[in-house]
Amino acid sequence: MNKKWILILVGVLVVPVCAMAAPAKVAILPFSIHADKDYAFLQKGVVEMLTSRLSTPEKVEVIDPLATAQALEGLRGQSGDALALAAGAKLNADYAIHGSITVLGDSVSIDAKTLDVTGQRAPLPFYKQTQGLGGVIPQINLMAGEINSQVFGIRTSGSAAAATPETGPAVQAPTPQPAPPAQADIHMHPEKLLRDNPLVAPAPQSAPLLDGGNASAPTNPLNPAFQSTRAAESTETAGFWKSANYAHMINGVDVGDVDKDGQLETVVATPQKIIIYRFANQRQQTVAEIETGKYRRNISVSVGDINGNGTAEIFVTALTSTLNVMESSVLEYNGSGFKPIVEKSRYYYSVVQHPTLGLLLLGQHQNSGNSPNNGSVVELKWKGRDYAEDRRILPGGKANLLGLAYGDIMNDGNDSVVAFDPSDHLRVMTTNGKIEWKDEEAYGGTTLYFAMPSAAAGDSETPFYLPVRIRAADLNKDGKFEVLVSRNTGGTGRKLGVRRSFSKSTLEALSWDGLGLTPLWKTRELAGRIQDFVVADYDNDGAEELLAAVISKEGAIIFTDAQSSLIAFELKQP
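In this report, we go over the structure that sits alongside the text. (Residues numbered from 1 in each chain as written. Predicted model: local features only at pLDDT ≥ 70, side-chain atom pairs only at ≥ 80, totals over all residues. Heavy atoms only, no water.)

## Quick notes on the pairing of strand S24 (residues 425-430)
Thought 1: A large share of S24 lies buried, amounting to 6 of its 6 residues.
Thought 2: Alternating residues of S24 divide into His425, Arg427 and Met429 and Leu426, Val428 and Thr430, and every residue in both groups is buried.
Thought 3: Bridge count between strand S23 (residues 416-420) and S24: 5 bridges; the pairing is antiparallel. The residue of S24 that forms the bridge with Ser416 is Thr430.
Thought 4: Count of turn residues in the S23/S24 antiparallel hairpin: 4 residues, of which Asp424 carries a positive phi of about 70°.
Thought 5: Bridge count for S24 against strand S25 (residues 435-442) is 4 bridges, and the pairing is antiparallel. Bridge pairing in S25 links Met429 to Ile435.
Thought 6: The hairpin turn running from S24 into S25, its antiparallel successor, is 4 residues long, and Gly433 in that turn takes a positive phi close to 95°. (Buried < 20%, exposed > 50% of the residue type's maximum accessible area, 1.4 Å probe, protein only. Helix = DSSP H or I, 4+ residues; strand = E, 2+ residues; numbered from the N terminus. Pairing = 2+ DSSP bridges.)

What follows is the structure in structure tokens.
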């Protein structure tokens, strides 16, 4: 046969074979919902919208959501990436997609992750944020377009710049009519379900509802998302920001210029790493990830230039993996990297801003087997090779440093201390340890603990739960300090004999009124527990924000399968 005809015949046979290559099979798992209301319709709608937008004949086949749900039934006990990969393998999928939706007032964030079930490609995260549920549909369009483009090499209209940008204004749904709408049909097409559901239509441009929807609750001028307990109202739109979800637990957060570049970095302590981010111009950059060792558990972090060389040190409070011995360290940037200048320290560390003395480093020595409250709280100063005790701030046995603020707490011109007792009740004390006031309600609350020796031979260790951070700051610039503290509730709480867990939280501001600390305002309720927070210009825009680390998922053990995020509230200065 003529060679020319042979080549033509081969071409005719090969082209159909290539065209018939099997499409990529994708399993989309139901997204987790983090909100203070029932958004089941949103969970269903998002999955069905992604299904319709990712399905492409001969290229991408999305597995029937019902089949995915049936596969998940046999995989109870798993979560996160492990659950998605197991479900994908069970369904013979090439890719698995899972994620979460967080609703915080009018702010909605959508996190998704695409996993290659074969393990040949690295996981790809996708993140979108919008104001109002009415903006969810355009953001899902954008996300689906990005997944099609980055994972499957398919260019779609959803990936075009014409869609609503992340940072643009929310797409407004029609104003709801006064008459209550009918109950949404769960079998309705997901886009119609989202558009018609009464929860989706944004309220008029005003502060978000607080305390479960109490529209009459007055708001605080610092931020309309803060519910005021005193008469101070605002009609401005609340300003919040939420990061993408991080696949680790954040045990501490602080802000400072740690690499001497003139910008502020956000330093995060995870159980086994220190991660340094820089937020600027609406972008997140990871400056450094510092491994601190698999036999250590970082429980807190503070930042400040205490040795006076112009570069802020990073003070890492840590325990050994047995949780009963302190093994803290101090890191500093040397021009090329972050290196330890102090290691294996037996101190808890906390950097505080004193109203007249400026930045101070406080420390508390921990002896093995003793209560974390036993040591005196002292000021530490740099002595050439280490930080040495300079003066006592509070006698031993009164409080643990991690949950303590120092300064003019009673606004009388004298130094005093506000700290948690072992039951998470706030106490205001003089610097000689005299208790001036004690709250009857519990604030704070964490799952981190110091392992005390067992009470009797054969018994398990006794957890001494550590306190969370307290900060004192003059937010409204009236010359008086507010005491900022978190309140974590829900879950198992503080029940005796049960492992602690908390499912919801608020940040609250208190001030001294001459008799005690009284509430000023609080944020709306957040899903998850607040582990730490800081008042700082974390995003380098010239204005301070209230930045909180929120744990939405604890993880099976202290450092795996956890989920955290950073949430920032703008602070309007008078």
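Further notes follow.
## A word on the environment of Val485
Thought 1: Inspection of the secondary structure puts Val485 in strand S29 (residues 482-489).
Thought 2: Not counting chain neighbours up to four residues away, the residues in contact with Val485 comprise Phe420, Leu426, Tyr443, Gly444, Ile470, Thr506, Leu507, Glu508, Leu510 and Phe533. (Contact = heavy atoms within 4.5 Å.)

## Thoughts on helix H5 (residues 136-152)
Thought 1: Here H5 spans 23 Å end to end across 17 residues, near enough to the 24 Å set by a 1.5 Å rise per residue.
Thought 2: For H5, the tally of buried residues reaches 13 of 17 residues, placing the bulk of the element in the interior.
Thought 3: Downstream of H5 by a residue or two, Gly153 has a phi angle that is positive, lying close to 70°. (Expected span 1.5 Å × (residues − 1).)

## Focus: the packing of aromatic side chains
Thought 1: Inspection of every chain in the model, using the stated rule, returns 11 aromatic pairs.
Thought 2: Centre to centre, the rings of Phe279 and Tyr538 are 5.5 Å apart; their planes meet at 70°, and the pair counts as edge-to-face. You can see Phe279 sitting in strand S12 (residues 273-280) and its partner Tyr538 sitting in the loop between strand S33 (529-536) and strand S34 (545-553), a full 259 residues away along the chain.
Thought 3: Ring centres of Tyr333 and Phe338 lie 5.0 Å apart, and the angle between their planes is 50°; this geometry places the pair in the tilted category.
Thought 4: One aromatic cluster in this structure is built from Trp241, Tyr246, Tyr277, Phe279 and Tyr538. (Phe/Tyr/Trp six-rings, centres within 6.5 Å; stacked < 30°, edge-to-face > 60°.)

## Some points on the pairing of S29
Thought 1: Burial runs high along S29: 7 of the 8 residues are buried.
Thought 2: Note that strand S28 (residues 470-473) and S29 share 4 bridges and pair antiparallel. Residue pairing across strands places Ala472 opposite Val483, the latter belonging to S29.
Thought 3: Pairing of S29 with strand S30 (residues 504-512), which is carried by 7 bridges, proceeds in the antiparallel orientation. Among the inter-strand pairings, Asn488 is bridged to a residue of S30, identified as Ser505.

As far as function goes, none of this settles anything; it's purely spatial.
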